[in-house]
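# Structure assessment
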Amino acid sequence: MLPRLLPALALAVLMTLFTGLPSSFVAARPVSSNRMLDLVNNVRNQHGLRPLHLLGSLNADAKDHSLYQADINSVTHDDNRGGGADRLVREYGLQPQYWAENVALNHGGEEGAFETWMNSPGHRANILNPQATHMGIGDVDGYWTQVFAKI
């Protein structure tokens with residue numbers, strides 16, 4: 001019986017010892033992309049704008065940038081790995097005609113991040129940009145990224 005319990009016990013010990021691992025080793029909180037999409041599209045509708053559509057590659061890009069922010073423990077648009085629209089072309093084969101990014105540090109879930117962006121003129125302008133057709137969303141440990149593109 002004891003040999004069967006050893007792997008589980010070892011795992012529990014390791015998990016306890018390594019709680020300080022970089023955030024890329026920590027599971028990201030599940031993000032409701034659809035909830036954020038609803039928040040964005042509701043406000044776009046109030047301004048007479050077309051709704052946006054989620055795109056898996058934009059979600060992946062947004063999550064990757066959120067991981068990067070969490071790893072460096074800083075909210076940033078910069079990405080020394082070569083991020084932004086260039087990464088969409090390189091990693092996903094997309095050729096966006098328009099691209100924008102919102103970032104935030106907020107632990108209030110989708111509503112909290114959305115409120116933060118709507119209270120910032122530049123971020124609000126990205127949400128309400130009529131050129132955008134698609135969106136992606138990512139959150140890792142409260143580091144949020146929202147990517148907009150015209151595809």
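Residues numbered from 1 in each chain as written. Predicted model: local features only at pLDDT ≥ 70, side-chain atom pairs only at ≥ 80, totals over all residues. Heavy atoms only, no water.

## Some words on the environment of Asp 86
Examined against the element boundaries, Asp 86 turns out to sit in helix 4 (residues 85-92). Exposure remark for Asp 86: the relative accessible area of 57% places this residue in the exposed category. (Helix = DSSP H or I, 4+ residues; strand = E, 2+ residues; numbered from the N terminus. Buried < 20%, exposed > 50% of the residue type's maximum accessible area, 1.4 Å probe, protein only.)

## With respect to the pairing of strand 4 (residues 143-150)
Across the 8 residues that make up strand 4, a large majority, 7, are buried. When strand 2 (residues 98-105) meets strand 4, the two strands line up antiparallel, connected through 8 bridges. Along strand 4, the bridge assignment pairs Trp 99 with Ala 149. With 7 bridges connecting them, strand 3 (residues 134-140) and strand 4 associate as antiparallel partners. (Pairing = 2+ DSSP bridges.)

## Some words on the confidence of the model for the protein chain
With 74% of its residues at a pLDDT of 70 or more, the protein chain has an overall mean of 80. Model confidence for the protein chain, summarised as mean pLDDT per element, is weakest for helix 1 (residues 2-17) at 38 and strongest for helix 6 (residues 121-127) at 98. Predicted confidence is poor over residues 1-29, with pLDDT under 50, and the contacts of this stretch with residues over four places away or in other chains come to 17 contacts. (pLDDT = per-residue confidence, 0-100. Contact = heavy atoms within 4.5 Å.)

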